[in-house]
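The chain contents come next:
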Amino acid sequence: MADAPKLAPIYAHRFLPAGHGTYGNQVLSIWGTDIIRYGKDLVAYVTNDFYPRDDDAGPWEQGALIPVWGEFS
């Protein structure tokens, strides 16, 4: 876990992996031991969670794998 990026809270139990020189990371939903990807990046998360489309947009795009945290999702 020492190599895991620190998590910056965004909203409720949604987190963005943080670190110097990082951008475009996936948003993670972490509740207890349940860790899922919630958006390929911050823009996709905000769009999907707060401005959902009425039509079936299909599955979310996968973002870049996040060291350590991506192994859980």
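The rules we used
- Residues numbered from 1 in each chain as written.
- Predicted model: local features only at pLDDT ≥ 70, side-chain atom pairs only at ≥ 80, totals over all residues.
- Heavy atoms only, no water.
- Pairing = 2+ DSSP bridges.
- Helix = DSSP H or I, 4+ residues; strand = E, 2+ residues; numbered from the N terminus.
- Buried < 20%, exposed > 50% of the residue type's maximum accessible area, 1.4 Å probe, protein only.
- Lys, Arg positive; Asp, Glu negative; His and termini not counted.
- Salt bridge = Lys/Arg side-chain N within 4 Å of Asp/Glu carboxyl O.
- Polar contact = N/O pair within 3.5 Å; in protein donor to acceptor, adjacent residues only side chain to side chain.
- Patch = residues over 30% accessible without salt bridge, like charges linked within 9 Å, V, L, I, M, F, W, Y side chains within 5 Å.
- Areas by Shrake-Rupley, 256 points an atom, 1.4 Å probe, with all protein chains shown as cover.
- Phe/Tyr/Trp six-rings, centres within 6.5 Å; stacked < 30°, edge-to-face > 60°.
- Lys NZ or Arg CZ within 6 Å of the ring centre and 35° of its normal.
- Contact = heavy atoms within 4.5 Å.

Where strand β3 (residues 27-31) meets strand β4 (residues 34-39), five bridges bridge the pair, whose relative direction is antiparallel. Directly across from Ser-29, in β4, lies its bridge partner Ile-36. Between β3 and β4, which follow one another and run antiparallel, lie two residues, and Gly-32 among them has a positive phi close to 65 degrees.

Next up on the list: the environment of Gly-19. You can see Gly-19 is positioned in the loop between β2 (14-17) and β3. The class of Gly-19 is partly exposed, set by a relative accessible area of 40%. For the pair Gly-19 and Lys-6, spaced 13 residues apart in sequence, the C-alpha separation works out to 6.9 Å.

Residues apart from glycine generally show negative phi values, whereas peptide bonds are mostly found in trans. In this structure, Ala-12 takes a positive phi of about 50 degrees despite not being glycine. Within the element layout of this structure, Ala-12 appears in the loop between β1 (7-11) and β2.

Our focus in this paragraph is the side chain of Arg-14. By secondary structure assignment, the location of Arg-14 is in strand β2. Buried charge without a partner: Arg-14 forms no salt bridge, and the closest opposite charge is Asp-49, 4.0 Å away. A polar contact of 2.8 Å, which involves the side chain of Arg-14, links it to the side chain of His-13.

The next point concerns a nonpolar patch on the surface. Taken together, the side chains of Ile-10, Tyr-11, Leu-42, Val-46, Phe-50 and Tyr-51 present a nonpolar region at the surface, about 560 Å² in accessible area. Elements with a contribution of two residues or more to the nonpolar patch: β1 and α1 (42-50). Mapping Phe-50 onto the fold places it in helix α1.

On to the packing of aromatic side chains, then. With the rule as written, the count across this model stands at three aromatic pairs. Each residue in the set Tyr-11, Tyr-38, Tyr-45 and Phe-50 is aromatic and connected to the rest through ring pairs, giving one cluster. We note Arg-14 situated over the ring of Tyr-38; from NZ or CZ to the ring centre the distance is 3.7 Å.

Before going further, it helps to examine the side chain of Asp-41. Checked against the element boundaries, Asp-41 lands in the loop between β4 and α1. At a separation of 2.8 Å, a polar atom in the side chain of Asp-41 contacts the main-chain amide nitrogen of Ala-44. Among all residues touching Asp-41, those that are not within four sequence positions of it are Gly-24, Asn-25, Gln-26 and Val-27.

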